[in-house]
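Architecture and fold: a report
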Amino acid sequence: MKATQKNFAGQMARAAAEASVFYFCGPDEAGATDAAGRLAALIAGQQGEYERVELAGADLRRDPVRLADEARSVSLFGDKRQIFVRCAGDEAHDALETLLASPVKGWPVIIIATSATDKSRTAKLLADRGDALVTMFHPPDMSTVTLAVRDMAGPAGLRMTDEMAERIARAAALDTRMARSEIEKLALFLDASPQSPRTVDAAALDAIGAVSEDDSFMPLVNCVLGGDTARLAAELARMHELELNPVGLLLAIERRAAQLAQLAGRLRGRSDINAFIEQETAARRVFFRDKADIAHQLKRWRGRKLGRLIERLIALHRSLLADNRNSEILISQELAQLTRAAAR
């Protein structure tokens, strides 16, 4: 079976009852990981406590039989299990083929596949099966994550306005995993529960919130995508001094690039970008503090140039995952080239 990012929540209960293999793919790794966590919690509620077994796609590619073995094995103490696989592309294809070839139903297998889409070989292998679920996750916009935060808050016993939800979404850099963590911290801090709900205000957010890592990322993101070559050296030095995570920084740039792509699609032939961004800000699709930077960047990254930017970011992401020891050097070199490209 197949679900979309929008209807996944509605299909999750049915999938948990009927399927045993779950394949989450697409460019929004945070959304896929959050969905996997929600699904795991739902299955755990049905089957009770379980042992979590984590496998890497590269290991399954070398040993395709291992997934089937892990999905059907029982520990010495008879624990229930959930199998989690994190892979790139179609690394798990042959292992899944081996798993599905047996008529014996195994433990739930949850796969998060980066750099893969619902058109990949693995997705096609699973999409038409009743015992499997394929869902693709796209980078969300501010309004989508704000709504998700509101949905998380209710079951945690928190009442909040759209403004508070948007503030959490922005602080989490549109990462629903981080947003869920903030909701959990708020519920503990306010002693909130569904039976005793509490209202979230700015003081509560200030009390529990550390400075977001994304707050450290965004000056460099805006420097690169804005083509500010004069400030680049200082920003790269700051990245080194603060030991900013290269993959986390790249994800922040990817999210902004995805936002620019969505805005460019809605902009179409209109020439007044500033007026367009004002409309998007009023519609709460652009955070008001970001509108000046986004308007500036949208003027520089449009059409084919924006498409090439996204392709280069995807290629850089793969390079960082393949060579994490030299990740700071790789990202510094690429950011310098992207800044010069934006300045032209």
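To keep things clear, this report deals only with the structure shown in the data block. (Residues numbered from 1 in each chain as written. Predicted model: local features only at pLDDT ≥ 70, side-chain atom pairs only at ≥ 80, totals over all residues. Heavy atoms only, no water.)

Below, the discussion takes up the overall build of the protein. From N to C terminus, the protein includes 17 helices and eight strands. Expected size for 344 residues packed as a compact globule is a radius of gyration near 20 Å; at 21 Å, the protein falls within 12% of this value. Dimensions of the protein along its principal axes, counting C-alpha atoms only, are 60 × 50 × 40 Å. Long-range pairs, those at least 24 residues apart, make up 76% of the contacts in the protein with a sequence separation of at least 6. Summing over all exposed atoms, the protein offers an accessible surface of approximately 16,900 Å²; the carbon and sulfur share of this is 52%. Between the mean site of the 47 positive side-chain charges and the mean site of the 47 negative ones, the protein shows a separation of 6 Å. (Helix = DSSP H or I, 4+ residues; strand = E, 2+ residues; numbered from the N terminus. Rg over C-alpha atoms; globule rule 2.2 N^0.38 Å. Contact = heavy atoms within 4.5 Å. Areas by Shrake-Rupley, 256 points an atom, 1.4 Å probe, with all protein chains shown as cover. Lys, Arg positive; Asp, Glu negative; His and termini not counted. Charge placed at Lys NZ, Arg CZ, Asp CG, Glu CD.)

What is expected of a backbone is that most residues other than glycine have negative phi and most peptide bonds are trans. Here the phi dihedral of D191 falls at roughly 55°; this positive angle occurs in a residue that is not glycine. By secondary structure assignment, the location of D191 is in the loop between α9 (176–190) and β8 (198–199). Within the chain, E243 stands out as a residue other than glycine whose phi angle is a positive 55°. Considering the arrangement of structural elements, one finds E243 in the loop between α12 (229–242) and α13 (246–267).

With that out of the way, let us pick up the side chain of E91. Turning to its location among the elements, E91 is positioned in the loop between β4 (80–88) and α5 (93–101). E91 gets classed as buried once you look at its relative accessible area, which sits at 18%. In terms of polar contacts, E91 uses its side chain to reach the backbone amide nitrogen of A88, at 3.0 Å. Not counting residues up to four positions away in its chain, the partners in contact with E91 are G57, A58, L60 and R61. (Buried < 20%, exposed > 50% of the residue type's maximum accessible area, 1.4 Å probe, protein only. Polar contact = N/O pair within 3.5 Å; in protein donor to acceptor, adjacent residues only side chain to side chain.)

It is worth spelling out the pattern of salt bridges at this point. Throughout the structure, instances matching the rule amount to 22 salt bridges. Across the pair R177 and D175 runs a salt bridge whose closest N-O atoms are separated by 3.0 Å. A single network of salt bridges, built from pairs that share partners, joins E51, R66, E70 and R81. (Salt bridge = Lys/Arg side-chain N within 4 Å of Asp/Glu carboxyl O.)

Another aspect to go through is the pairing of strand β6 (residues 132–136). Where burial is concerned, most of β6 is hidden: five out of the five residues are buried. Going residue by residue along β6, you find A132, V134 and M136 tucked away on one face and L133 and T135 tucked away on the opposite face as well. Bridge analysis of strand β1 (residues 2–3) against β6 gives two bridges, and the strand direction is parallel. By the bridge assignment for β6, K2 is matched with V134. Note that strand β2 (residues 21–25) and β6 share five bridges and pair parallel. Directly across from Y23, in β6, lies its bridge partner V134. (Pairing = 2+ DSSP bridges.)

Attention now moves to the state of the cysteines. With the rule as written, the count across this model stands at zero disulfides. No disulfide involves C87; its nearest neighbouring cysteine sulfur is the one of C25, lying 9.6 Å away. (Disulfide = S-S within 2.5 Å.)

L249 and L335 are the most contacted members of the largest nonpolar core, which has 38 residues in total. Contributions of two or more residues to this core are made by α11 (213–225), α12, α13, α14 (273–282), α15 (291–300), α16 (303–322) and α17 (327–343). In terms of residue count, the dominant contributor to this core is α13 (eight residues). Those residues within four positions of L335 in sequence are excluded, and the remaining contacts are L220, V224, L232, L236, L249 and I253. Counting residues in hydrophobic clusters, the runner-up holds 27 residues, among them C25, L60, A116 and L126. (Core = buried A, V, L, I, M, F, W, Y, C linked by side-chain atoms within 4.5 Å.)

When we look at burial in helix α1 (residues 8–18), the residues that qualify are F8, Q11, M12, A15 and A16. With its buried residues spanning 145° around the axis, α1 presents them on a single face. In α1, the exposed positions angled more than 90 degrees off the buried face are occupied by G10 and A17. Looking at the packing, one finds that the buried side of α1 touches β1, β2, α2 (29–47) and β6. (Arc of directions from axis to C-beta.)

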